[in-house]
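Structural overview
If you want the building blocks of each chain, they are given just below.
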Amino acid sequence: MFRTSRRAFVGWLGALGALLGTRRARSADVVLRQEQPESLPAVSLAALAGAVLPSTLGPDGAGRAARAFATWIAEYRTGSEVLHGYGTEQLAFLPAVPLRAWRSQLAALDRAARAAHGRPFGALGTGERQAVVRRELDGVRPTTMPSIASAPHVALALLAHFYESSEATNLCYGVQLNTRSCRPLVHNSRQPLPLARGGRT
């Protein structure tokens, strides 16, 4: 019967664990590289944000929201495990985002703008861009605000992303709640500061 010492057996297990760990790390790295989403056209996103987000944001605020959405896309990792509820062992993972469909929809907005006005979507005035978006969304009837990753249209994804932000909450209440930041306990008794002009914190 084959025998081995405890020291040799522990060493063998350690080497095996390191090998498997390296293979898993390499495999995960390959998956992440394969699932790394590409970006959406920045100019088109900014033009869309200016059409669908609250006008009180102004061009600068719409640009910030568009850049924040682009950052969310760049940092999104399909298949990553997300936090599960307390008391449950059921695991949940991030679904894939319909990035290809969103890119096609941005291109469709540009085609529709050129067909209707002879100019690209980003060159239209706000009212003209809003009219183009309404026509492209005809038939899309979500009953609630969708999650960002499940949004059937890029305009809805941009809206969903913005309304999850601290800036949207601040704009809704007109004060600096800053829900995504940590507020020192010493400030708990203080009233939130009002927003600056243009909705900035």
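One can find the structure itself at the top, above this paragraph.
Residues numbered from 1 in each chain as written. Predicted model: local features only at pLDDT ≥ 70, side-chain atom pairs only at ≥ 80, totals over all residues. Heavy atoms only, no water.

1. Some words on helix 6 (residues 154–163)
To keep it simple, the criterion reads: The buried label applies to any residue whose accessible area, calculated with a 1.4 Å probe on protein chains only, is under 20% of its type's maximum; exposed applies above 50%, and partly exposed to all values in between. Working definition: helices are DSSP H or I runs of at least four residues, strands are E runs of at least two. Numbering for both runs from the N terminus. Contacts are assigned to residue pairs with any non-hydrogen atoms lying within 4.5 Å of each other.
For helix 6, the buried fraction is high: nine of the 10 residues fall into the buried class. In the core, the buried residues of helix 6 are packed alongside helix 2 (42–52), helix 3 (58–75), helix 4 (99–117), helix 5 (126–136) and helix 7 (166–173).

2. Details of the packing of aromatic side chains
Applied cut-off: Only rings of Phe, Tyr and Trp enter the pairing, Trp through its six-membered ring, and a pair is recorded when the two centres are within 6.5 Å. The plane angle decides the type: under 30 degrees is stacked, over 60 is edge-to-face, the rest tilted.
All chains considered together, the criterion is met by four aromatic pairs. Ring centres of Phe69 and Trp72 lie 6.2 Å apart, and the angle between their planes is 15 degrees; on these two criteria the pair is classed as stacked. With Phe69 and Trp72 both in helix 3 and three residues apart, this pair spans about one turn of that helix. Among the residues examined, Trp72 registers a relative accessible area of 21% and is labelled partly exposed. Look at Trp72 and Tyr76: their rings are 4.9 Å apart centre to centre, the planes differ by 45 degrees, and that puts the pair in the tilted class.

3. Some details on the side chain of His153
Filter applied, for reference: N or O atoms within 3.5 Å of each other form a polar contact, as long as, within protein, one can give a hydrogen and the other can take it, and as long as residues adjacent in sequence are counted only when both atoms are side-chain atoms.
Of note, His153 is situated in the loop between helix 5 and helix 6. Within polar-contact distance, the side chain of His153 engages the backbone nitrogen of Ala155 at 3.0 Å.

4. Comments concerning the nonpolar core
Operational definition: Remark: nonpolar core denotes a set of buried residues (Ala, Val, Leu, Ile, Met, Phe, Trp, Tyr, Cys) joined through side-chain atoms within 4.5 Å.
Leu40, Leu48, Phe69, Trp102, Phe121 and Val154 are the most contacted members of the largest nonpolar core, which has 37 residues in total. Looking at this core element by element, the count peaks at eight residues for helix 6. Ignoring any residue separated from it by four or fewer positions in sequence, one finds Leu40 in contact with Leu45, Phe69, Ile73, Leu99, Trp102, Arg103, Leu106 and Val154.

5. As for the environment of Leu106
Mapped onto the fold, Leu106 is located in helix 4. Distance in space between the C-alpha atoms of Leu106 and Ala155 is 8.8 Å, their sequence separation being 49 residues. With sequence-adjacent residues up to four places away left out, Leu106 is seen in contact with Leu40, Pro41, Ser44, Leu45, Leu48 and Val154.

6. With respect to the environment of Leu91
By the secondary structure assignment, Leu91 is in the loop between strand 1 (81–82) and strand 2 (92–93). By relative accessible area, which is 43% here, Leu91 ends up partly exposed. Here the alpha-carbon distance between Leu91 and Glu81, two residues 10 residues apart in the chain, equals 7.1 Å. Setting aside its immediate chain neighbours within four residues, Leu91 contacts Glu81 and His84.

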